[in-house]
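Observations on the three-dimensional arrangement
Each chain is listed here by its residues.
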Amino acid sequence: MSITKIKNNIGIFIFTILVISTFATGGILSELDEIAAGCSFLILIFSFLNSSLKKKISKIFLMTLLFVIFGLVSNVTSGIHRSVFDVTVDVLTVGKPFWIFLAMIHLVSPNTFGWLRIKLSLIIKIFILILFIFLFFNTLHIVQMGNTFLFSHIPNFSFTFGFPVPFAIVLYGCIGFLLKNDIKIMRQPWILSLIFLIITTGKMQSYIFVIIFFGLLSIRTYRERNLKISRLILVGILGALISLPKLMNYFATTAYSPRKLLMIDGFNLLLSHLPFGTGFATFGSTMASKDYSPLYYQLGYEYIYGLQPIAIETTQSFLNDNWGASLIGQFGIVGIIIFICVIFYIYKLFTTKLKSKNIDIYIISGFTAVLSIIFSSSFFTSSSGGLLMAILA
């Protein structure tokens, strides 16, 4: 078996376990995304040491390693005790979207993705039809597959997912397998169906994917044909109207807001631990929540609704509901600078590879959208975020 064939098979394996992890409703299967992250990391390390990793990918990978190193230094300088297991899992969680993205670029050839598109297109179309059946039942309250209401009466739709946003991310990922370059979006009914399903999730974080996608399509139309500038204004107004109430609710309210509290404490931790942060698994991350961080006791979170330890918490936990706060608090100024550099070079990688076709717009929109919700969720480092990054790669 050729090296190319082996690499493609490994890429397909990583993609498969990400799909399983994303659709799993709990248990060990839902943790498979960490295995995908670990496999991706080992592949990148081996390829780098073997000098088979392309220069642009190597540069981004080395920056992520630098990010991890300074994060571990933050663990030492902060003095907050965390187990090796907690830190290791948090390292994999934080590195997951980047390492999966880079590994899939390195492993999977364009021909293999074309083969995957052909094999999965029918399955995805059947999946869409099934979703519309359940959407109909959900609207009639025959089944309950949502956790809020649209326009006070119509239930939102999240299928079997516990929250609508990862479902929307999966739907956006499906677009990548059905989207055609040579046909206008409005003439692709399967794509419009997926976009409609994203809208039915009823969450601002979900709408961002649609807004950015159509916004960039409108910008492309304006640049190519010098018309329809009204579309750009409409996209801006629509985005502002959708985003403003939620942002006000999250950060500009005088009422209790877990995201606002996490952001404030994140900045306070940044200032008190300059130039580093508190380190992995200490603040705002999944492992800081699962194995309740000692830092939370110092901050008095054990007495605050939604931020209490799992042992005494009977309601939804908001401890890892703002990955942006985790980035600021755990990694400090140094970590933020490195993170921005990683994002910059990924965009630079996009601009050297992509043109202004539908697929190119889809890729840039997807990355921008999943990145833009880090201050209102932690889905960028979730299994659905990892799956989307694999598809974009």
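Up top is the structure these notes are about.
Computed from a prediction, not measured in an experiment: that's the story for all the values here.

Moving on to the overall build of the chain. For the chain, the helix and strand inventory stands at 15 helices and 2 strands. Counted over contacts in the chain with a minimum sequence separation of 6, partners at least 24 positions apart contribute 68%. As presented, the chain carries roughly 18,600 Å² of accessible surface, and 69% of it is formed by carbon and sulfur atoms.

Turning to the pattern of salt bridges, a few remarks are in order. Under the criterion given, the structure shown has 5 salt bridges. Here Asp33 makes a salt bridge to Lys96, at a shortest N to O gap of 2.4 Å. Of this pair, Asp33 sits in helix α2 (residues 32-49) while Lys96 sits in helix α4 (residues 84-107), and the two are 63 residues apart along the sequence. For the pair Asp33 and Lys96, one class covers both residues: buried. The closest approach of N and O atoms between Lys96 and Glu34, which form a salt bridge, is 3.4 Å. One end of the pair, Lys96, is in helix α4; the other, Glu34, is in helix α2, and 62 residues separate them in sequence.

By secondary structure assignment, the location of Ser293 is in the loop between α11 (286-290) and α12 (294-299). When its relative accessible area of 0% is taken as the criterion, Ser293 is described as buried. Not counting the four nearest positions on each side in its chain, Ser293 is found in contact with Ile80, Arg82, Ala281, Thr282 and Ala288.

Moving on, we get to empty space enclosed by the protein. Within this structure, the stated rule accounts for 1 cavity of 30 Å³ or more. Reported here for the largest cavity is a volume of approximately 80 Å³. What lines the largest cavity is simply Thr64, Phe67, Val68, Val94, Gly95, Phe98, Trp323, Phe339 and Val342. Mapped onto the lining of the largest cavity, the elements with two or more residues apiece are α3 (55-78), α4 and α13 (323-353).

Every α-helix winds through 3.6 residues per turn, so residues three or four apart in the chain are directed the same way. Along its 15 residues, helix α10 (residues 258-272) runs 21 Å from first to last C-alpha, staying within 8% of the 21 Å computed at 1.5 Å per residue. Taken together, the buried positions of α10 are Pro258, Arg259, Leu262, Met263, Asp265, Gly266, Leu269 and Leu270.

So, about a nonpolar patch on the surface. A surface patch of nonpolar side chains, about 490 Å² in accessible area, is lined by Ile133, Phe136, Phe137, Leu140 and Ile142. Following the sequence through the fold, Ile133 ends up in helix α5 (residues 110-139). The class of Ile133 is partly exposed, set by a relative accessible area of 45%.

What counts and what doesn't
Residues numbered from 1 in each chain as written. Predicted model: local features only at pLDDT ≥ 70, side-chain atom pairs only at ≥ 80, totals over all residues. Heavy atoms only, no water. Helix = DSSP H or I, 4+ residues; strand = E, 2+ residues; numbered from the N terminus. Contact = heavy atoms within 4.5 Å. Areas by Shrake-Rupley, 256 points an atom, 1.4 Å probe, with all protein chains shown as cover. Salt bridge = Lys/Arg side-chain N within 4 Å of Asp/Glu carboxyl O. Buried < 20%, exposed > 50% of the residue type's maximum accessible area, 1.4 Å probe, protein only. 1 Å grid on protein atoms, 1.4 Å probe; cavity = no way out; pocket = protein on both sides within 12 Å on 5 of 7 lines; lining within 4 Å. Points joined across faces, edges and corners; volume = space filled by probe spheres on them. Expected span 1.5 Å × (residues − 1). Patch = residues over 30% accessible without salt bridge, like charges linked within 9 Å, V, L, I, M, F, W, Y side chains within 5 Å.

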